[in-house]
Amino acid sequence: MNTTDWLLFLIVVLQSGIVFWLWRRIDMIESERRVEASTFDHLQRQISAMQRSLQEASQAKPVEAPLAPVMPARTVLRQQPLATAEGASPYNQAIELFKRGFSTADVAERCGISRSEAELILSLYRNSPTA
């Protein structure tokens, strides 16, 4: 074999390598495209389900009004001062404030209890037969 034959052989091998690399690259890109298409389809189905759920929720009957109307705390405070003894528990104070229409956040702040405690007191107060 002379040098021309070796050069031609080397060019053919290089071209084969390049063709193989390009074929692998195209295969990888096609695989990524399939994954993206699958993800897109999945997201599209989720969006459709959320839209149906939102449409059903908007067509549902309205929720009943709360048991007692909630008045702004500042208005209630001006109307009636809080009459509590110095030794009264913060839980009794919370019930008094709920009776006057204060929100759970306001009750928690004024009585020095956590918001979850205030919500529990409100729940118990609403469910008690003496409420």
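In case you missed it, the structure is sitting above this.
Residues numbered from 1 in each chain as written. Predicted model: local features only at pLDDT ≥ 70, side-chain atom pairs only at ≥ 80, totals over all residues. Heavy atoms only, no water.

A look at the overall build of the protein
Within the protein one finds five helices and zero strands. Listing each helix as α and each strand as β along the protein from the N terminus yields α-α-α-α-α. In the protein, 34% of the contacts between residues at least 6 apart in sequence involve partners at least 24 apart. When the accessible surface of the protein is split by element, carbon and sulfur atoms take 60% of a total near 11,100 Å². (Helix = DSSP H or I, 4+ residues; strand = E, 2+ residues; numbered from the N terminus. Contact = heavy atoms within 4.5 Å. Areas by Shrake-Rupley, 256 points an atom, 1.4 Å probe, with all protein chains shown as cover.)

A look at the packing of aromatic side chains
Applying the stated criterion across every chain yields a total of two aromatic pairs. Residues tryptophan 6 and phenylalanine 9 carry aromatic rings whose centres are separated by 6.2 Å and whose planes lie at 90 degrees to one another, so their mutual orientation is edge-to-face. With tryptophan 6 and phenylalanine 9 both in helix H1 (residues 3-59), this residue pair falls three residues apart, about one helical turn. On the basis of relative accessible area, phenylalanine 9 is assigned to the partly exposed category, the value being 47%. Here the aromatic rings of phenylalanine 20 and tryptophan 23 are separated by 5.9 Å at their centres, their planes lie at 35 degrees, and the arrangement is tilted. You can see phenylalanine 20 and its partner tryptophan 23 sitting in helix H1, three residues apart, about one turn around the helix. (Phe/Tyr/Trp six-rings, centres within 6.5 Å; stacked < 30°, edge-to-face > 60°. Buried < 20%, exposed > 50% of the residue type's maximum accessible area, 1.4 Å probe, protein only.)

Topic: helix H5 (residues 115-127)
Three- or four-residue spacings in an α-helix give side chains the same orientation, since the helix completes a turn every 3.6 residues. Compared with the 18 Å implied by 1.5 Å per residue over 13 residues, the 18 Å span of H5 between its first and last C-alpha is a close match. Of all the residues in H5, the buried ones are Ala118, Ile121, Leu122 and Tyr125. All buried residues of H5 lie within an arc of 100 degrees about the axis, which places them on one face of the element. Across H5 from its buried face, at more than 90 degrees, point the exposed residues Ser116, Leu120, Leu124 and Asn127. Tucked into the core, H5 has its buried residues touching helix H3 (90-99) and helix H4 (104-111). (Expected span 1.5 Å × (residues − 1). Arc of directions from axis to C-beta.)

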